[in-house]
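These are the residues of each chain, in order.
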Amino acid sequence: MTDDEKTHSYKKETAQPRVVIIGGGFGGLCAARGLVGAPVSVTLIDKRNYHLFRPMLYQVATGLLSADQISRPLRSILSRQANVEVLMDEVSGIDTNKRLVRLKEHSISYDYLDLATGIQYNYFGHDEWRHVAPGLESLDDADLIRGKILLAFERAEEMAALDHAATEGIRQLLTFVLVGAGTVGVEMASTLAEMSRMALAHDFRHIDPRDAQIILYEAAPRVLPTFPEDLSAKAQRHLESLGVKIYTNTRVTSVDADGVVAGGQRVRSSTVLWGAGVLASPAGRWLGAAMDKSGKIIVGSDLSVPDHPEIFAIGDTAHVVAPSRNLLGIRSKEAMVMPGVAQPAIQEGRYVASLIRRRVAGEPPAPFWYWDKGDLAIAGRTYALADLRMLRFSGFPAWVVWAVVHIYFLIGFANRFFVMLQWALAFLTKRRQVRVFPGQERAAEAP
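Residues numbered from 1 in each chain as written. Predicted model: local features only at pLDDT ≥ 70, side-chain atom pairs only at ≥ 80, totals over all residues. Heavy atoms only, no water.

Colleague: Describe the side chain of Ser232, and please don't skip the residues or the numbers.
Modeller: The topology assignment puts Ser232 in helix α8 (residues 229-241). You can call Ser232 buried: its relative accessible area is 1%. Ignoring any residue separated from it by four or fewer positions in sequence, one finds Ser232 in contact with Arg222, Val223 and Leu224. (Helix = DSSP H or I, 4+ residues; strand = E, 2+ residues; numbered from the N terminus. Buried < 20%, exposed > 50% of the residue type's maximum accessible area, 1.4 Å probe, protein only. Contact = heavy atoms within 4.5 Å.)

Colleague: Mind laying out empty space enclosed by the protein, listing which residues take part and the relevant values?
Modeller: Overall, the coordinates contain three cavities of 30 Å³ or more when judged by the stated rule. Considered as a void within the structure, the largest cavity measures approximately 80 Å³ in volume. Lining the largest cavity are 13 residues; nearest its centre among them are Leu136, Val184, Met188, Leu273 and Trp274. Mapped onto the lining of the largest cavity, the elements with two or more residues apiece are β11 (175-179), α7 (183-199) and β17 (271-274). (1 Å grid on protein atoms, 1.4 Å probe; cavity = no way out; pocket = protein on both sides within 12 Å on 5 of 7 lines; lining within 4 Å. Points joined across faces, edges and corners; volume = space filled by probe spheres on them.)

Colleague: Summarise the pairing of strand β29 (residues 392-395); cite the residues concerned and give the values.
Modeller: Sheet topology note: the strand β28 (residues 383-387)/β29 ladder contains four bridges and is antiparallel. The residue of β29 that forms the bridge with Ala384 is Gly395. The antiparallel pairing of β28 with β29 creates a hairpin that spans four residues between the two strands, and Arg389 there sits at a positive phi of about 70 degrees. (Pairing = 2+ DSSP bridges.)

Colleague: Hey, could you go over the sheet that holds strand β9 (residues 112-115) for me, with residue numbers and the actual values?
Modeller: Overall, mixed pairing links the six strands, which are arranged β5-β2-β1-β9-β21-β20 in an open sheet. Lying at the two open borders of the sheet, with one neighbouring strand each, are β5 (84-88) and β20 (304-305). Where β9 and strand β21 (residues 308-313) come together, three bridges link them in parallel fashion. Residue pairing for β21: Leu113 is matched across the bridge by Ile311. Sitting on the sheet, helix α10 (residues 342-361) touches β1 (18-22), β9 and β21, and the angle it makes with β21 is about 160 degrees. (Axes fitted to C-alpha atoms, helices over the stretch in contact; angles between N-to-C directions.)

Colleague: If you had to explain the pattern of salt bridges to someone new, which residues and values would you point to?
Modeller: Per the stated rule, a full pass over the model turns up 16 salt bridges. Ionic pairing is found between Asp127 and Arg130, a salt bridge with its closest N-O pair at 3.9 Å. Arg266 is the salt-bridge partner of Asp256, the closest N and O atoms lying 2.7 Å from each other. Placement of Asp256 in strand β14 (residues 252-256) and of Arg266 in strand β16 (residues 265-268) is noted, with a sequence separation of 10 residues between them. Judged by relative accessible area, Asp256 falls into the partly exposed class, the value being 27%. The structure contains a network of salt bridges with shared partners spanning Asp230, Asp372, Asp375, Asp387, Arg389 and Arg392. (Salt bridge = Lys/Arg side-chain N within 4 Å of Asp/Glu carboxyl O.)

Colleague: Tell me about the pairing of β9, and please be specific about residues and values.
Modeller: On β9, burial covers both faces: Tyr112 and Asp114 on one face and Leu113 and Leu115 on the other are all buried. As paired elements, β1 and β9 share four bridges and run parallel to each other. When the bridges of β9 are listed, Ile22 appears paired with Leu115.

Colleague: Requested: an account of a nonpolar patch on the surface, with residues and values cited.
Modeller: The grouping of Leu327, Leu328, Ile330, Trp369, Trp371, Met390 and Leu391 at the surface amounts to a nonpolar patch, some 700 Å² of accessible area in total. Mapped onto the elements of the fold, Trp369 is located in the loop between α10 and β26 (370-371). (Patch = residues over 30% accessible without salt bridge, like charges linked within 9 Å, V, L, I, M, F, W, Y side chains within 5 Å. Areas by Shrake-Rupley, 256 points an atom, 1.4 Å probe, with all protein chains shown as cover.)

Colleague: Residue-level account of unusual backbone geometry, with values.
Modeller: Positive phi values are uncommon outside glycine, yet Leu224 reaches one of about 45 degrees. You can see Leu224 is positioned in the loop between β12 (213-217) and α8. The exposure class assigned to Leu224 is buried, which follows from its relative accessible area of 1%. Phi is positive for Asn249, which is not a glycine, with a value near 50 degrees. Turning to its location among the elements, Asn249 is positioned in the loop between β13 (244-247) and β14.

Colleague: An account of α7 is requested, with residue identities and associated values reported.
Modeller: Taking 1.5 Å per residue, 17 residues should reach 24 Å; α7 reaches 22 Å between its end C-alpha atoms and fits that length. The buried count for α7 comes to 13 of 17 residues, which makes it a mostly enclosed element. (Expected span 1.5 Å × (residues − 1).)

Colleague: Lay out the sheet that holds β17 with the relevant residues and their values.
Modeller: Strand order in this open sheet of four strands is β13-β12-β11-β17, and the pairing throughout is parallel. Since the sheet does not close on itself, it has two edges, and those belong to β13 and β17, each with one partner. Taken over all neighbouring pairs, the strand axes of this sheet differ in orientation by 20 degrees on average, direction set aside.

Colleague: Pulling in residues and values, what's your account of the packing of helix α5 (residues 139-162) against α7?
Modeller: Between α5 and α7, the least distance of the axes is 13 Å, while the angle of their chain directions is 35 degrees. Seen from above, α5 lies across α7 with right-handed handedness. Together, Ile145, Ile149, Leu150 and Phe153 of α5 and Met188, Leu192, Met195 and Ser196 of α7 make up the contact between the two elements. Across the contact of α5 with α7, the residue classes tally to seven nonpolar, one polar and no charged. (Left-handed = near helix turned anticlockwise from the far one by under 90°. Nonpolar A, V, L, I, M, F, W, Y, C, P; charged D, E, K, R; others polar.)

Colleague: Tell me about the environment of Leu57, and name the residues and values.
Modeller: Inspection of the secondary structure puts Leu57 in helix α3 (residues 57-61). Distance from Leu57 to Trp129, taken between C-alpha atoms, is 21 Å for residues 72 residues apart in sequence. Residues in contact with Leu57, not counting those within four places in the same chain, are Leu52, Ile70, Leu136, Glu137, Ser138, Leu139 and Ala142.

Colleague: Just give me the short version of the packing of helix α2 (residues 26-34) against α10, but keep the residues and values in it.
Modeller: Each pair of packed helices can be described by the angle between their axes along with the distance between the axes. Taken N-terminus to C-terminus, the directions of α2 and α10 make an angle of 30 degrees; their axes are 7 Å apart at the nearest point. For the element pair α2 / α10, the angle class is roughly parallel. Considering the relative orientation of α2 and α10, their crossing is right-handed. Only Ala342, Ala345, Ile346, Gly349, Arg350, Ala353 and Arg357 of α10 make contact with α2, whose side of the interface consists of Phe26, Gly27, Cys30, Ala31 and Gly34. Taken together, the residues that form the contact of α2 with α10 break down as seven nonpolar, three polar and two charged. (Parallel < 35°, antiparallel > 145°, perpendicular 65-115°, else oblique.)

Laid out in structure tokens, this is it:
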């Protein structure tokens, strides 16, 4: 039996319209959950078996939280939703004429298709840098980065204990370079600085972890370029107070096992981490759709792909321009481009679920609009930035808002409880609980 025959027979067994959702991130998961009880059959496809709370991924990479505290199996989340099935597979393409999603070995038909395929880091044509300077996209990446960081301190300790002449080698091991001063870069830089000056400060006999250099490079004129200038300036001052060296208007032009070339200067480092820009998934190429310069699919007012009203793109897969309302519900004068953060993906996922319900019921859909709740970023253990549009503030009050929002959106009560407990312990003891790295061999083999 051919794949098409398998697909056809599979569809015939399902009388209800079939909704296929590709991606189990914020957008895809909210779309699936929004169809609970709807007269449709839902298939959620993801290459990983878990939903990941990516805003806290840096805390796994730096040992504050464990992987299970910010992730949960998709099957477990959706286990009580009878009209949803989960497939762990990777999509290789889409046949829009036959309405088929191509997997590695099979095909699945769809009546409605929701693309929530996310992003990947942009190495600007230098994909060979990826092996030297990993980005933070998955739990595997977090394990690898945690291993690279801790292994650098361990190797520096051994070198200091056994080879007293290896000053340059120790300095290279204790130099950590972060490329890109967006949200992830700022989070990692501040956490690394606090980690070396607090959590690890008294654990070594031959090196002083407080001597570690944390260097942050940004090609734009300021850190956190998507935030207002006053908050960006406050973030930079706070990072510098933690000992982070910041170089703005500085482009990294080379990355190798010995470090980077930035602004024409060679910087020797054994640990380089990447967070400089992102690209959308290949979903736009699968469809042959119009895309923006980062590969996001340009969608209509109902988030559908032009010429394909049955296909939707959401979250980081889509270039969405929509009207917005502020926290008080007051409509803005101009439409805005949706930022690449969790809130637009969540709202878009819920909207698509509602739209599909309306279409199945024969009701006219309303265009998408965005409830803009502002932006949050953390820059230290008790320091954050809050841009709520009508109100901007920083410091501890912003950190409290950041903590409440992120705890609220964690999946599952148990996760919320244990994260709060872990944060409390870390705050009181200034220690990192996750200090082993299961990917030790992988980290040791990495350049």
